[in-house]
Amino acid sequence: MEKTEICSHETTILKGNTLELNGTTLEANFPPPSASPTQGQPVALPPGSIQPRETWGGKYEFLLSCLGYCVGLGNVWRFPYLCYRNGGGVFLIPYAIMLLFTGLPLFLMELSLGQYGAAGPITVWKCCPLLKGIGMGMLLVSSLVSLYYNVIISWTFYYLGMSFQSPLPWSCDAPWNAHLCQAQNISLGNASRISASEAFWNEQVLGVVHSSGLGDPGAVRWALALCLLLAWLVIFLCILRGIHTSGKVVYFTATFPYLVLVVLIIRGATLEGSIDGVRFYLSADWSRLHSAQVWNDAASQVFYSLGIGFGGLLSMASYNKFDNNVIRSWVGVCGLPRSPRSTARLSLLVRPLLPDALHPGNRHIVWQHGRHHNSRDG
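Residues numbered from 1 in each chain as written. Predicted model: local features only at pLDDT ≥ 70, side-chain atom pairs only at ≥ 80, totals over all residues. Heavy atoms only, no water.

Asker: With reference to specific residues and values, describe the nonpolar core.
Answerer: Phe62, Phe91, Tyr95, Phe107 and Leu111 are the most contacted members of the largest nonpolar core, which totals 27 residues. Those elements giving two or more residues to this core turn out to be helix H1 (61-70), helix H2 (73-85), helix H3 (92-117), helix H11 (292-306), helix H12 (312-317) and helix H13 (326-334). (Core = buried A, V, L, I, M, F, W, Y, C linked by side-chain atoms within 4.5 Å. Buried < 20%, exposed > 50% of the residue type's maximum accessible area, 1.4 Å probe, protein only. Helix = DSSP H or I, 4+ residues; strand = E, 2+ residues; numbered from the N terminus.)

Next up, the structure:
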C-alpha cells in the first residue's frame, strides 16, 4: 500500500509498516493486520464502558410477559371470593373506580419508567436519589413473594402427582375417608366436621395434625421438599439465559391459563346446580358500598392482580427498545384482561364450580356477616 501526500514541498510515502518522510526512513509501529478483530468476533469493550441492554426478541414477547404476569390466581380465585364477601356483583363498582384512578395510571408509570431508564428497579431510581428506597423495597417484596409463591407451585406439583391415583386420595371414594363422609352425612349442618379434602391437606400434605403452633412445624415432608426443588428448577430453566429463554417460555405460560379457563367453564357448566352459583354471584347487596372495608378490598385487589409496586413490570419494560410504543403496550395489557367486564367474565368461569358447592347434597354453606363456612361430603 502506498500513500503520497504533498504539502509544502514535503513528501510522505507509506509502504506497509515503513514511513518515508523526505528521504528519511522511519519504522511505523502499526499492529499487524491479523491483530484486528474479524467480522463476527466480539470486541472487548474498554474498562468502565456500559454494555447495551438486551431487548426482547419479538414484538409479542413483552406483551405476553405482561399478560402472564398479570393474569393469575388473583383473577380466577381471589376476585370471586372478594365478590362473595363484599356484596356480590356490586363489588365491581369500587373495583372499577380503583382500577381507573390508581391501577391503570401506576401501571403506565412503571412501564414508562422502566423503558426510559433501561434499568432494573434499583438502578432506575438513580434519577431521583431520594426515592432509591423504593427500588430496595421492590426487590425485597419480590423476593418474599417468590419464596411463598414457589411453595404454592410445589403444592400444585404434589397434587398433580397424587391426582393420577384412582380413587383420588381426597375424595369420599377412598376407603380411608369413608368414616369422614359418613359423619358429615349424619350431621350436615355441623360446620366443625372436617371434610375428606381437608383431612388430606392437613394429614398427608402438611402433616401438621399434632402441631402445637408455628413453633412446632414438624418433620420435613420430603415429598413436598422434592416438589419445591422441582419448582425452583423450572424457574431456573426459564431464566437460564435471561429474556432469551423467558421470552420464549411466555408463549406457553401466558396462553395456557386461558385453556385451563375453558376447561373450567365446561366442567362447571356440567355440575348440578351451576345456575344457582351464577345467580348468587350476580346478586347485589348495595348496602355494602357504605363499608370502607369493601373499598379497601377493591384497592388491594387492583394492586394484587396488576402486580404494581413489585418491580416486575419495571424490569420487563426495561428490555424494550427506547422507541417502543409504550402506550400501545399499556392498552394491550390493561385494556383487555384488566377491564372490569373482563374480570367479571373470568370470575364467572369459576362460579359454576362453587354451585356444586351450593347444592344441598354436596355442601352446607352458612353466610354470616360476610363470611361463609362450608363442609363438603366429598
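Asker: Outline a nonpolar patch on the surface, listing residues and values.
Answerer: Where nonpolar side chains cluster on the molecular surface, the patch consists of Leu140, Leu144, Leu147, Trp232, Ile235 and Ile239 and spans about 580 Å² of accessible area. When residues of the nonpolar patch are traced back to their parent elements, those giving at least two are helix H4 (132-162) and helix H7 (222-238). If you tally residues by element for the nonpolar patch, the top one is H4, at three residues. Mapped onto the fold, Ile235 is located in helix H7. (Patch = residues over 30% accessible without salt bridge, like charges linked within 9 Å, V, L, I, M, F, W, Y side chains within 5 Å. Areas by Shrake-Rupley, 256 points an atom, 1.4 Å probe, with all protein chains shown as cover. Salt bridge = Lys/Arg side-chain N within 4 Å of Asp/Glu carboxyl O.)

Asker: Help me get a handle on the packing of aromatic side chains, residues and values and all.
Answerer: With the rule as written, the count across this model stands at 11 aromatic pairs. Taken together, a centroid distance of 6.1 Å and an interplanar angle of 55° make the contact between Tyr148 and Tyr149 tilted. An aromatic cluster of at least three residues, connected via ring pairs, comprises Tyr158, Tyr159, Trp170 and Phe200. (Phe/Tyr/Trp six-rings, centres within 6.5 Å; stacked < 30°, edge-to-face > 60°.)

Asker: Any chance you could break down the packing of H4 against H7 for me, citing the residues and the numbers?
Answerer: Put simply, H4 and H7 touch, their axes get as near as 8 Å, and they point 115° apart. Seen along the crossing, H4 lies across H7 with a hand that is right-handed. In contact with Ser146, Leu147, Asn150, Val151, Ile153, Ser154, Trp155, Phe157 and Tyr158 of H4, H7 contributes Ala223, Leu224, Cys227, Leu228, Leu230, Ala231, Trp232, Val234 and Ile235. When the residues that make up the contact of H4 with H7 are grouped by side-chain class, the tally is 15 nonpolar, three polar and no charged. (Axes fitted to C-alpha atoms, helices over the stretch in contact; angles between N-to-C directions. Left-handed = near helix turned anticlockwise from the far one by under 90°. Contact = heavy atoms within 4.5 Å. Nonpolar A, V, L, I, M, F, W, Y, C, P; charged D, E, K, R; others polar.)

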